[in-house]
Amino acid sequence: MAFYEQDVGIHIDEQKLQARVRELGAQITRDYQGKELTLICVLKGSAFFAMDLARYVDLPLTIEFLGVSSYQGGTETTGEVRITTDVSKPMAGKHLLVIEDIIDTGLTMSFLLENLRARHPASLKVCSLLEKPSRARTQVPIDYKGFVIDDVFVVGYGLDYAERYRNLPFIGLMKGK
Ligand code: 5GP
Ligand code: MG
Ligand code: MG
């Protein structure tokens, strides 16, 4: 029995996940033809998604990492966002695509968009693997969206529960949450 099986069930399996990430990569490839793209991987949750997505984008691109902290452990957002690791270069004049794991209340993304917009990029778009529209507290435009999910707490493929389960290759559901 795999280490997670007692606590986590499969919600979106690896095959479905990879097929969708590949489609998003193809769409981004078409949309950014002739442009130099900068992917902003929001740590830690989007790391797995962003690295897979980058491999499906057939364009020269740059990857930057932005660390934010909006969760103090557990499953409820505090609404308070803090940058813990900033990108390595000025973002002025760049075509930025922010890569997120999930947009839940939208508070993290709206903070990030405001913060990045103030750096005067050439363009600023959002790509999120998951969206939980039922929990939205602020409207954020999602230019590239993997899957819409119900109000359930998911783990795996970068998403954690108390820092665990990020390494699962699928999106899972915590049993009994
Ligand atoms: P927000 O509520 O600001 O849109 O989302 C903030 C962060 O909460 C997300 O980037 C993600 O790290 C975390 N989060 C929201 N929903 C879930 C979920 O279902 N599972 C996990 N593991 N994290 C979540
Ligand atoms: Mg996140
Ligand atoms: Mg988390």
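Whatever comes next refers back to the structure up there.
Just so we're clear, the structure is a prediction, and the values are computed from it rather than from any experiment.

## Some details on the coordination of the magnesium ion (ligand 2)
The protein atoms that coordinate the magnesium ion (ligand 2) are E100 (OE) and D101 (OD), at distances of 2.3 Å. What makes E100 buried here is its relative accessible area of 6%.

## Examining the sheet that holds strand β1 (residues 8–12)
One key point about sheets: their strands pair by backbone hydrogen bonds, in either a parallel or an antiparallel sense. Taken together, three strands build an open sheet; the order of strands is β1-β9-β8 and the sheet is antiparallel. One side of each edge strand has no neighbouring strand; the edge strands of this open sheet are β1 and β8 (154–155).

## Quick word on the side chain of H95
With respect to the secondary-structure elements, H95 resides in strand β5 (residues 95–103). Of note is the side chain of H95, whose polar atom sits 2.7 Å from the side chain of S123. Every residue in contact with H95, bar those within four places of it in the chain, is listed here: Y32, K35, E36, L37, T38, A122 and S123.

## Considering the nonpolar core
Residues I28, F49, L53, L97, L129, L130 and I171 are the most contacted members of the largest nonpolar core, which totals 28 residues. In terms of nonpolar packing, the next biggest core, distinct from the first, is built from 17 residues, V68, I103, V140 and I142 among them.

## With respect to the site of ligand 1
T105, G106, T108, V154 and D160 are the nearest of the 17 residues found near ligand 1. Separating an oxygen atom of ligand 1 from a side-chain N or O atom of T105 is a distance of 2.5 Å. In the environment of ligand 1, an oxygen atom lies 2.8 Å from a nitrogen or oxygen atom belonging to the backbone of G106. Calculation on ligand 1 without its partners gives an accessible area of 500 Å², and the protein chains cover 94% of this total.

Conventions adopted
- Residues numbered from 1 in each chain as written.
- Chains lettered and ligands numbered in written order.
- Predicted model: local features only at pLDDT ≥ 70, side-chain atom pairs only at ≥ 80, totals over all residues.
- Heavy atoms only, no water.
- Donors = N, O, S within 2.8 Å, 3.2 Å for Na, K, Ca; no water.
- Buried < 20%, exposed > 50% of the residue type's maximum accessible area, 1.4 Å probe, protein only.
- Pairing = 2+ DSSP bridges.
- Helix = DSSP H or I, 4+ residues; strand = E, 2+ residues; numbered from the N terminus.
- Polar contact = N/O pair within 3.5 Å; in protein donor to acceptor, adjacent residues only side chain to side chain.
- Contact = heavy atoms within 4.5 Å.
- Core = buried A, V, L, I, M, F, W, Y, C linked by side-chain atoms within 4.5 Å.
- Near = heavy atom within 4 Å.
- Areas by Shrake-Rupley, 256 points an atom, 1.4 Å probe, with all protein chains shown as cover.

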